[in-house]
Structures are given as C-alpha cells and as structure tokens.
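Okay, here's what each chain looks like letter by letter:
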Amino acid sequence: MSGGEQGAARPQVPLLHDPRFRGILAQALTALVVISLIWAAVDNAATNMRARGIPTNFDFWDRTSGFDVNQTLIAYSAISTYGQAFWVGLLNTLLVAGIGIVFATLLGFLLGVMRLSANWAARSFAAIYVETLRNVPLLLQLLFWYNAILTPLPAPRASLGMPSVTLTWPDAPSFALALAAAGGAFFAARFARSRAEDDARELLASVGAALGWIVALVALLFGASVFIGAPGGGVLHWGGPAGVYLNNRGLLLPDPRFGPGFEWVMAALALGVALSLAFGIWARRRQALSGAQSPLALVSLALILGLPLLAFFAAGGPVTLEYPVLRGFNFQGGVRVLPEFVALLLGLSLYTAAFIAEEVRAGVQSVARGQTEAAHALGLRAAPTLRLVVLPQAMRVILPPLTSQYLNLTKNSSLAVFIGYPDLVQVFMGTVLNQTGAAVQVIAVTMAVYLTISLATSGLMALYARRTAWAER
Amino acid sequence: MAAIAQEPAQESAHEAAAIEMIGVNKWYGQFHVLRDINLVVGQGERIVICGPSGSGKSTLIRCVNRLEEHQSGRIIVRGVELTNDLRKIDEIRRDVGMVFQNFNLFPHLSILENCTLAPIWVRKMPRREAEDLAMHYLARVKIPEQAHKYPGQLSGGQQQRVAIARALCMNPRIMLFDEPTSALDPEMVKEVLDTMVALARDGMTMLCVTHEMNFAKQVADRVIFMDRGEIVEANAPEPFFANPQHERTKLFLSQILG
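Along each chain, numbering runs from 1 in the same order as the chain's sequence is written. The lettering of chains begins at A and the numbering of ligands begins at 1, in the order of writing. Where local features are concerned, this predicted model is filtered to residues with pLDDT of at least 70; where side-chain atom pairs are given and counted, the filter is 80 or more; whole-chain, interface and lining totals use all residues. For the side-chain quantities, the full set of heavy atoms in the structure was used; hydrogens and water were omitted.

K.L.:
Can you walk me through the packing of helix H2 (residues 82-115) of chain A against helix H14 (residues 424-436) of chain A in this structure?
P.N.:
Between two packed helices, what matters for the description is the angle formed by their axes and the separation of those axes. All names here are of chain A. A fitted line through C-alpha atoms represents every axis, and for helices the fit uses only the stretch in contact; the resulting angles, taken between N-to-C directions, go from 0 to 180 degrees. In this text, helices come from DSSP runs of H or I with a minimum length of four residues, and strands from runs of E with a minimum of two, each type numbered from the N-terminal end. Where H2 meets H14, the closest approach of the two axes is 7 Å, and the angle between their N-to-C directions is 160°. Classified by the angle their axes make, H2 and H14 are roughly antiparallel. Here Tyr82, Ala85, Phe86, Gly89, Leu90 and Thr93 of H2 lie close against H14, whose contacting residues are Leu424, Val427, Phe428, Val432, Gln435 and Thr436. Roughly parallel covers angles under 35 degrees, roughly antiparallel covers those over 145, roughly perpendicular covers 65 to 115, and oblique covers all other angles. Only heavy atoms matter for contacts: two residues are in contact if any of them lie within 4.5 Å across the pair.

K.L.:
What am I meant to see in the domain arrangement of chain A here?
P.N.:
Many structure descriptions define interface size as the accessible area lost when the parts assemble. What counts as a domain boundary in this text is fixed by an automatic or database domain assignment. Structurally, chain A comprises domain 1 (18-53), domain 2 (62-156 + 338-473) and domain 3 (255-322). Here the C-alpha centre of domain 3 of chain A lies 61 Å away from the C-alpha centre of domain 1 of chain A.

K.L.:
Looking at this model, I keep getting lost on the packing of aromatic side chains. Mind explaining?
P.N.:
Think of a pair of aromatic rings as described by two things: how far the centres are apart, and how the planes are tilted against each other in angle. Residues and elements named next belong to chain A. Only rings of Phe, Tyr and Trp enter the pairing, Trp through its six-membered ring, and a pair is recorded when the two centres are within 6.5 Å. The plane angle decides the type: under 30 degrees is stacked, over 60 is edge-to-face, the rest tilted. Going through the model one piece at a time under the given rule, you end up with 17 aromatic pairs over all chains. Summarising the aromatic geometry, the rings of Phe60 and Tyr82 are spaced 6.3 Å apart at their centres and angled 65° between planes, so their arrangement reads as edge-to-face. With Phe60 in the loop between helix H1 (19-52) and H2 and Tyr82 in helix H2, this pair connects stretches of sequence that are 22 residues apart. Judged by centre distance (5.1 Å) and plane angle (65°), the rings of Tyr351 and Phe355 are edge-to-face. Separated by four residues within a single helix, Tyr351 and Phe355 lie in helix H10 (residues 339-366), roughly one turn from each other. Look at Tyr351 and you get buried, because its relative accessible area is 15%. An aromatic cluster of three or more residues is present, and its members are Phe58, Phe60, Trp61, Tyr82, Phe86, Trp87 and Phe428. Buried means the residue's accessible area, taken with a 1.4 Å probe over protein chains only, is under 20% of the maximum for its type, while exposed means over 50%, and partly exposed covers the values in between.

K.L.:
Can you walk me through the sheet that holds strand S10 (residues 230-235) of chain B in this structure?
P.N.:
Strand pairing within a sheet occurs via backbone hydrogen bonds; the two strands may be parallel or antiparallel. All names here are of chain B. Any two strands with at least two DSSP-identified bridges between them are counted as paired. The sheet built from six strands is open, its strands ordered S6-S7-S8-S3-S9-S10 with mixed pairing. Edge positions in the sheet fall to strand S6 (96-99) and S10, since each has one partner strand and no second. Recorded for the sheet is a direction-independent mean angle of 20° between the axes of neighbouring strands. Helix-sheet contacts for helix H6 (residues 186-201) involve strand S3 (46-50), strand S7 (174-178) and strand S8 (205-209), and the interaxial angle to S8 is about 150°.

K.L.:
Please explain the sheet that holds strand S5 (residues 80-81) of chain B as it appears in this structure.
P.N.:
All names here are of chain B. Taken in spatial order, the four strands make up an open sheet running S2-S1-S4-S5, and their pairing is antiparallel. A strand with exactly one partner marks an edge of an open sheet, and here the two such strands are strand S2 (31-41) and S5. Note: strand S1 (residues 19-28) against S2, seven bridges, orientation antiparallel. Counterpart to Tyr28 in the pairing with S2 is Phe31. Taken strand by strand, helix H1 (residues 57-64) contacts S1, S2 and strand S4 (72-77), and its axis lies near 120° from that of S1.

Structure, rendered in structure tokens:
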C-alpha cells in the first residue's frame, strides 16, 4: 500500500499518471471503437439489403410457407406459415437431441465403467469402441449410418411387412393360468431367498421362478391353449392387415387413435406414479424401523406399468390402430420413423458416448484408491462400493465436461442437414431462408435458439451440481 | 437385533485363535514382500508391529482382510480360511475393522452417514438403529457433536477418531490399524492413541502397525519387529525393548528411540 493512509490529504498525482484513470480511459476508447465498428457494419448491411430489396423485418413469419416437411411433431402442411415451419424444425431438433442425450449418457457411463473393469474382454471392447468412435469425424459417421441403414431397404412397393397385432381382453382360462403361474413364481422366488445358504436349492427355485414368470407372460399374451390346450386366446393376436412396414421411406407403424375411456388409462398411470412415490416413502420408513430393504424398482414397475394395463383392459381397450396402407407408390396413414432420424440419432449417440465414457473413466479414476479400500474393508461389495462411494465423488469431476458433451450433441445435431433430417437448420435456416431471403433475421433467430438451449442445459446441470455438492471446510 | 451398545465380548483364550497365518508368502512381481510369515494371534490379543519402511508390515495386515492377496500359505481368520471365495471374504471383512493412515473417510457423506453406511448396506440394519449405534460410538470417541458435519470440516485427529468409530459400528471382533497416527500433526496424536488405548482395555483383538513405542509399552501383549518381509523378532514389550535379541532389532530401536 502507498503511504496515503498517514496524512489526511493524499498527495496529488497528475491525472494521466493515475493507473485507475488510465484504465478507465483505455476501456472507454476501446468501447467507442468497437461500438462504431458494429454500427458501421449494421448500417452498411441495412443499406445494402434495402437497395437489393431484401426484407429487414419479420413480416415473412406469418406468410404461407408452401413447402412440406417429412417429419412433423405438430400439425403442419404446405399451407402452414413460416413461423409454424420454425416450430416444426425446432421440435425435431429437440427430439433428436433429447433422445440422443439419454442414449449417449446411458451408453457412455456403461462404457466408462467397462473400461475400468477387471474383465479383459469388457475392458478391451470399451477401449476399442472409444478409440475408434472418437477418432473418426462425426460427419463421416453420420453418412456411414445413413447409408448403412438406407441402402438395404427396399422401395415402398416392395416393403418388408410384419404381421399386425390385435389386442383383446384375455379370456378366463388364460387369465387364471397366468395368475397361478405368477403366484407360483412369486413364492418360488421367496423360497429361494429364504434358503440363501443352500446353493443347489436356491438355483432350482430361481429357475422355477423364472419359468413361472415366462408361463404367466405367455399365457397372458397368447392364451392358455399354448399350455393346456383349452380353447381361447390371450391378449395378442397375429394376423389381420399388416401393421408394420419397413422401406426406404422409413419404418411405418400403426397410428394409435385414443377412443373414449382412454382417460381411465391415463388416470391409472397417474395413480401408479403416485402410489409408487408413496411406496418409496413407506419403504424408507420401513427400512428405518425394521432394516428390511424393499424391492422398490420391481413394485414401482408393477404399479406404473401394471395399473394402466389393467385399466386398459377394463375399459375394453379404448385404442384403435390406424394401419398404414399402400396407395399407389407410397403409404398413407400410420406413423413413420424416418431413416434419417434413426441415422442421426445413432450417429450422435454413439459418437458422444465415446467422449462421455472417457469423462466417466477420468472421474472414477480421480477418486482416491483409499476410498475403495475403505469401503471394501467395511464389507461393501464391488457394486455398492461403485454406487455409494465412488460414483457420487466421481460425479463432481464428470459433471462439467458432461455438460459440454450435452451441448456438443445438441449443436452437432445441426449436421442433420447433410443427411436430410428436417431439423431447425435444415428447415428454417435452409428452406425458409432460401424462400424468404431474410438471411439476417433467420440466422439471428437460429443462433438465439441454440444459445437458449445451451444456456438452459448448462443452467440445469449447474443446479444439479449445486444440489449434490458437499461441505469442504 | 440387539447390536446396540454390545461390546466385543471377551472370549477365553482356549477358543480358536483370532488370526492364524501359516507360511504366508507374497511377491510384487520380483519383489518378495512377505517371506514365510507364521503368526498366531489369540482372541483379545493386542499386537504391535514395527519395522523400517518397506519391511512389509502394512502388507501383512492388509492380507488379513484381503485388501492384498497372498500367493502361498494359509490365512485363517476366526476359523474361516481366506480363499478366492467371495462369500468367505465378505464374512471376514464384516468381522474385521480397519483404520488407515489417511483416514479414508467418505468426503461426500456426513460423519453420521460415514458411520451408518456399512451397517445399513452390509448388516441390513434399520436406519434409526444404525444412527443410534453410530451416535453411541461417536460419543465413545468423544465427538458426537460433529455428527452432521462433513469430513473436510474436521481436524486430522477428529477424522481419525471418526474412522475408528466407523469401523466399530460394524461391531468387529478384530481391528487392524495401519499407521493410524503417522499422518497426524503431533498435537493430535495423543487423542487418537487415547481412543486406541480405551479400545484395548475393552478387550478388542488388535493388530497395530505403528511407531508409537509408548503405546506399544502401554497396551501390547506382543511386539513384532519386521524387516525385509520377515518377522525378525516377536516378544512381550518389556523384554523386547529392554533386551532385543537380534542386531537388526537393536539397530532399529536405537534409531527410533535414539
């Protein structure tokens, strides 16, 4: 510090020699130069655009687009507006990015842990996967998947058809057999667990339980006649008009139309979710009181899937399927999954998973060896050690680069334009821009969209990181 | 289960030994870390192992709970032989507690959660019972008031006492200590040693790798001196310190006490 504190009056310094004044002056001058450069550029662009008759406003937004898009998540046709085309493209981008992030995360964590496995085959597979996928340009991979998927597919008229499936209410014998088999399987599983010290009997009971579940499932799906010869059918029936087609325009599936009574299925789903949450709370309390661990995943699955299924049958199957039908050279009706979508999803997920795997590996390796040893010394086995001790600590190292990978995947989805998937860039920055000529507006909006998605993603990840942080000192 | 506050029972010396090591050998590549180790530890016996660094003393106790694998010979812990059988390893680890030089507390869990993790997931103990048990042992190591802090917020001595409490929560019959005071500031050594002395007085079977010779004199039934992977000398503390038999022991003691 200077000696200024000693006297009441600080000694005068010439203004130009004062570092603070110099700093402010330099920054003000820089700001002035930058602002005037931007101003000149904007003014120049505006003048030129006006001179060439290029639109400088957003009037085009509500005009009819006149072009079709082959994958639309909202109602859209050639008579829709450019604004609606924007939303179609945006939703397509979000769809492929969202599903891609889920796939890449699951696969990436699996591969990352595999790479550290003691198992030679698992370790080598993960290493080869990572080194191959992340060292080949993404665009090449996308084109590879696109051609690999598209080439073997036939034209619509020669579609590969699959027999359709009709859903009905199971008849009494099927239902009774299914219930009996499921009950038997349940008690076999209980017996197996209670006799955990006897290896042979445990194995036998486990096999019995598995068989019981299979019998129950088959009886329910295909009917009791499969097992006991009694007439009557299960839930699924093969035959009827073909419902599923595969050709080079995509995978065609029956379009479900929800009839009256479907609200009961939705209500049952809501009830199932609520009940499984309640069961989770009850299981925690039960653990606290008696130490028993409850099969939370199994019960939740039964509640969330089973209840709606029961409601579905009880309401008399309130879903009718609209089947795709070949008319002339193409199909009408049904739902179509584009080969472009599958190729883009595969390419993005597999590529990003390789990077996530490396980050997971780095995170796990950053956790001190002593942590694993301490957990082992306490009697924890490998899997709970990984889940309870290693991964929670590794997550702190994994999260920041994981966020970058999510952003990369979202931004890389714009490579869709090269294989013709109608994402935001292809629809909006491609077709809309070409037709309207409103280049500046369209590009600005597109950039703003990616910026918003990215900031939202990193915001959410930062929130998660803060929630899982722990006190250091 | 009435595991709460149940102290390790004092068992008679006539029962099977706590630990038996018969002709144990271990190599790291070419390096022969443990040479033909023969050691029988009785129930409730307290053993201090000392020796120069690299003598294999840490490796020896880490073989007892399979943090290290021995390559020949037999190790039998409370009548159960250590083999590649995972269930035998689990059984032994449940009964053998360990305290490390660097504490190895779980930094992402609170002190209380550090102590309840293994009772809940390994012993399947109810959470509340596990928490009561943890508080009991945290009180015994004299830091119950820190239960809701995180390891990073505690001093080294406090962390090591938590590590001891964490191990005790599994109600172990044998405790292994791997240089528990070597990473501590001098003023914190005493609080950890006091905890260990109290534990010894309660009759716990203990295997301690340490250079704290006063601790050895105070509680050890036997002191073992190791050098270059072999047990050179094993004796009761009084004759061990007063009248060491081997040249290497004399040299080591003169260096460490000198």
